[in-house]
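Fold and contact review
Listed below, chain by chain, are the residues.
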Amino acid sequence: MSRTEAPPLPEPLRVPVADSHTHLDMQDATVEEGLARAAAVNVTTVVQVGCDVAGSRWAAETAAAHPNVHAAVALHPNEAPRIVHGDPDGWSRQGAREGGGQAALHEALAEIDALAALDHVRGVGETGLDYFRTGPEGMAAQEESFRAHIEIAKRHGKALVIHDREAHTDVLRILADAGAPERTVFHCYSGDADMARICADAGYFMSFAGNVTFKNAQPLRDALAVAPTELVLVETDAPFLTPAPYRGRPNAPYLVPVTLRAMAVVKGLDEDTLASAVFDNTARAFDY
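Note that the structure is predicted; figures quoted are calculated from it, not measured.

1. Describing the confidence of the model for the protein chain
Model confidence for the protein chain is summarised by a mean pLDDT of 96, while 98% of its residues fall at 70 or above. Mean pLDDT values for the elements of the protein chain range from 81 in strand S5 (residues 97-98) up to 99 in strand S10 (residues 232-234).

2. A short note on the state of the cysteines
According to the stated counting rule, one finds zero disulfides in the structure shown. Cys 51 takes part in no disulfide bond, and the closest cysteine sulfur to it belongs to Cys 188, at a distance of 12 Å.

3. Some words on the environment of Met 26
Mapped onto the secondary structure, Met 26 falls in the loop between strand S1 (17-22) and helix H1 (31-40). Met 26 gets classed as partly exposed once you look at its relative accessible area, which sits at 27%. Each C-alpha atom, one on Met 26 and one on Ala 252, is 9.8 Å from the other, the two residues being 226 residues apart in sequence. Discounting residues that sit within four places of it in the chain, Met 26 has contacts with Cys 51, Arg 93, Pro 239 and Phe 240.

4. Looking at the sheet that holds strand S7 (residues 159-165)
If you walk across this open sheet you meet the eight strands as S1-S2-S3-S6-S7-S8-S9-S10, and the pairing is parallel. Every interior strand has two partners, whereas the edge strands, S1 and S10, have only one. This sheet shows a mean twist of 30° between the axes of neighbouring strands, independent of strand direction. Relative to strand S6 (residues 121-130), strand S3 (residues 69-73) is paired through three bridges, and the arrangement is parallel. Paired with Ala 71 across the bridge in S6 is Val 121. Packed onto the sheet, helix H5 (residues 139-156) meets S6 and S7 and runs at close to 160° relative to S6. Contacting S6, S7 and strand S8 (184-186), helix H6 (residues 168-178) crosses the sheet at an angle of about 155° to S7.

5. Concerning the packing of aromatic side chains
Summed over the entire model, instances satisfying the criterion amount to two aromatic pairs. Centroid distance Phe 186 to Tyr 204: 5.7 Å. Interplanar angle 35°. Geometry classified as tilted. Highlighted residues: Phe 186 in strand S8 and Tyr 204 in the loop between helix H7 (193-202) and strand S9 (205-208), separated in sequence by 18 residues. Each member of the pair Phe 186 and Tyr 204 is classed as buried. Both rings, one in Tyr 189 and one in Phe 208, keep their centres 5.4 Å apart while their planes meet at 45°; by these two values the pair is tilted. Linking Tyr 189 in the loop between S8 and H7 with Phe 208 in strand S9, this pair joins segments that are 19 residues apart in sequence. We classify Phe 208 as buried; its relative accessible area is 0%. A cation over a ring is seen here: Arg 165 above Phe 132, with NZ or CZ 3.6 Å from the ring centre. Sitting over the face of the ring of Phe 214, Arg 247 holds its NZ or CZ atom 3.7 Å from the ring centroid.

6. Structural notes on the pairing of S9
Burial along S9 is two-sided: the face carrying Phe 205 and Ser 207 and the face carrying Met 206 and Phe 208 are both buried. In this structure, S8 lies alongside S9, joined through two bridges in parallel fashion. Across the sheet, residue Val 185 finds its bridge partner in S9, namely Phe 205. Since S8 and S9 lie parallel, the crossover through H7 that links them has a hand, and here it is right-handed. The sheet contact formed by S9 and S10 spans three bridges and is parallel. Of the residues in S10, the one forming a bridge with Ser 207 is Leu 233. Traced from S9 through helix H8 (residues 218-226) to S10, the parallel crossover comes out right-handed.

Procedures and definitions
- Residues numbered from 1 in each chain as written.
- Predicted model: local features only at pLDDT ≥ 70, side-chain atom pairs only at ≥ 80, totals over all residues.
- Heavy atoms only, no water.
- pLDDT = per-residue confidence, 0-100.
- Helix = DSSP H or I, 4+ residues; strand = E, 2+ residues; numbered from the N terminus.
- Disulfide = S-S within 2.5 Å.
- Buried < 20%, exposed > 50% of the residue type's maximum accessible area, 1.4 Å probe, protein only.
- Contact = heavy atoms within 4.5 Å.
- Pairing = 2+ DSSP bridges.
- Axes fitted to C-alpha atoms, helices over the stretch in contact; angles between N-to-C directions.
- Phe/Tyr/Trp six-rings, centres within 6.5 Å; stacked < 30°, edge-to-face > 60°.
- Lys NZ or Arg CZ within 6 Å of the ring centre and 35° of its normal.
- Right-handed = clockwise from strand over helix to strand, strands pointing away.

The following block contains the structure:
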């Protein structure tokens, strides 16, 4: 089986569900093809997430054109240091860039603020901290950007979508210090069961991706087991994090049922009950 070949369509869910975090702009299919494939397995709603100014504009335009797509807009945590310090390796999709300093970051944040005011933009994110890809030199820019996104989300009454990679303590600290928005979602939840209890106490939503199905992901399954069902979401983060047994192949919203079924086993729930809860939770989290 080719690693580049798309996995087959899973058995459709009986109850509709939403993909709380996807990147349609990074997938091979057109938006229409991706949504049709998802609808065929009863994934009826997706949240399209921006990672930079251009991607956030695209997310907003796509949501405006498709009633079952909602947008989230942001500068990804790794984007903020690139704007400030430059990206000589061209690691992001924009190619090599010169650093623009604080002024460039503030200009980009102003664009995100303007997009966040739009009605079909339901979230501000993915924002947060990423200590895996950004070293100490980029941490100040990340934190400044994260705090700005928290304020933007609160000002416009939108959900805050968190990207937290190897930065749990600082993400929780900044949320507590700045005051989290009313609705906060930990996308691709990556903490353990102890952190899940902290998130639950704070009322934060926890969105689980295909990596909850990976063999080495027992800490994630332990977290899911203790996460209150009313705070649990499901996502693809497509084209990344394709669930087992398709790990390493391209991900897309139509694969949500694979992850949801694995989650139902962990939660000790039948799939219809979990799908129904997740559908309602996602609508509540993103206020649509």
